Amino acid sequence: MPRSVNSVAKRARRKKVLKQAKGYWGRRKNVWTVAKNAVDKAMQYSYRDRRNKKRTFRALWIMRINAGARQHGMSYSKFMGGLKANNIQLNRKVLADLAMNHPEAFEAIINKVK
């Protein structure tokens, strides 16, 4: 019996990977073996960094809240402890936005916490 090769699926798979490699530099965009490795590595990075992005944004929000709180003579930890004690349930993302874009609203929250 003759050997059967599914060329249609193979070509589709290669086209899909080469399409994902569009915009890469040099042979990474048009040579199958190089593009396949580059796309695999890019997928690993994107999976990892979707998780890292959450960490970095949380750190950024904490820095912004800390800076806003210190302008009013309060540390970040005292401010967050005061929020919990006064049962104010605003997350760090919202607090950081208030500290940056609406300082009068953030000052009102600080006064409530003091």
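Figured I'd write up the structure that's included with this text. Keep in mind that this is a model prediction, so the values were computed, not measured.

Helix and strand counts for the protein chain come out as five helices and zero strands. Counting from the amino terminus, helix and strand elements in the protein chain follow one another as α-α-α-α-α. Its C-alpha atoms give the protein chain a radius of gyration of 25 Å, clearly above 13 Å, the size a compact globule of 114 residues would have. In terms of overall dimensions, the protein chain has C-alpha extents of about 85 × 30 × 20 Å along its principal axes. In the protein chain, the proportion of contacts linking residues at least 24 apart, taken out of those at least 6 apart, comes to 44%. Of the accessible surface of the protein chain, which amounts to about 9,000 Å², a share of 54% is contributed by carbon and sulfur atoms. Of the side-chain charges in the protein chain, 29 are positive and 5 negative, and the distance between the mean point of each set is 17 Å.

With that settled, the discussion passes to the packing of helix H2 (residues 32-71) against helix H4 (residues 92-101). The geometry of H2 relative to H4 is characterised by a closest axis approach of 8 Å and an angle of 45 degrees between their N-to-C directions. With respect to each other, H2 and H4 are oriented oblique. The handedness of the crossing between H2 and H4 is left-handed. For the pair H2 and H4, contact is made by Arg-58, Trp-61, Ile-62, Arg-64 and Ile-65 and by Arg-92, Lys-93, Leu-95, Ala-96, Ala-99 and Met-100, respectively. Counted by class, the contact of H2 with H4 contains seven nonpolar, no polar and four charged residues.

Tracing the backbone shows Gln-20 in helix H1 (residues 7-20). Sequence spacing of Gln-20 and Ala-35 is 15 residues, and the spatial spacing of their C-alpha atoms is 8.7 Å. In contact with Gln-20, other than residues within four places in its own chain, are Val-39 and Met-43.

In a regular helix each residue adds 1.5 Å, so 40 residues correspond to 58 Å; H2 covers 56 Å between its end C-alpha atoms and thus fits that length. Its axis deflected by about 30 degrees at Arg-50, H2 carries its strongest bend there. Within H2, the full set of buried residues consists of Ala-35, Ala-38, Val-39, Ile-65, Gly-68 and Ala-69. For H2, the elements touching its buried residues are H1, helix H3 (76-85), H4 and helix H5 (103-113). Just downstream of H2 lies Gly-73, where phi reads positive at about 75 degrees.

Turning our eyes to something else, we now look at the nonpolar core. Core analysis: the biggest nonpolar cluster contains 15 residues, and Ile-65, Phe-79, Leu-83, Leu-95, Phe-106 and Ile-109 have the highest contact counts within it. If we ignore the near neighbours within four places in the chain, the residues touching Phe-106 are Ile-65, Gly-68, Ala-69, His-72, Phe-79, Leu-95, Leu-98 and Ala-99.

Another aspect to go through is the packing of aromatic side chains. By the definition in use, this model includes two aromatic pairs. Judged by centre distance (6.0 Å) and plane angle (45 degrees), the ring pair of Phe-57 and Trp-61 falls under tilted. Taken as a pair, Phe-57 and Trp-61 lie in helix H2 at a separation of four residues, close to a single helical turn. A centroid spacing of 5.3 Å and a plane angle of 55 degrees characterise the contact between Phe-79 and Phe-106, whose relative ring orientation is tilted. Remark: Phe-106 occurs in helix H5 and Phe-79 occurs in helix H3; sequence separation between them is 27 residues. Lying across the ring of Tyr-47, Arg-51 places its NZ or CZ 4.0 Å from the centre.

The rules behind the values
- Residues numbered from 1 in each chain as written.
- Predicted model: local features only at pLDDT ≥ 70, side-chain atom pairs only at ≥ 80, totals over all residues.
- Heavy atoms only, no water.
- Helix = DSSP H or I, 4+ residues; strand = E, 2+ residues; numbered from the N terminus.
- Rg over C-alpha atoms; globule rule 2.2 N^0.38 Å.
- Contact = heavy atoms within 4.5 Å.
- Areas by Shrake-Rupley, 256 points an atom, 1.4 Å probe, with all protein chains shown as cover.
- Lys, Arg positive; Asp, Glu negative; His and termini not counted.
- Charge placed at Lys NZ, Arg CZ, Asp CG, Glu CD.
- Axes fitted to C-alpha atoms, helices over the stretch in contact; angles between N-to-C directions.
- Parallel < 35°, antiparallel > 145°, perpendicular 65-115°, else oblique.
- Left-handed = near helix turned anticlockwise from the far one by under 90°.
- Nonpolar A, V, L, I, M, F, W, Y, C, P; charged D, E, K, R; others polar.
- Expected span 1.5 Å × (residues − 1).
- Bend = angle between axes of the 7 residues up to and from the residue.
- Buried < 20%, exposed > 50% of the residue type's maximum accessible area, 1.4 Å probe, protein only.
- Core = buried A, V, L, I, M, F, W, Y, C linked by side-chain atoms within 4.5 Å.
- Phe/Tyr/Trp six-rings, centres within 6.5 Å; stacked < 30°, edge-to-face > 60°.
- Lys NZ or Arg CZ within 6 Å of the ring centre and 35° of its normal.

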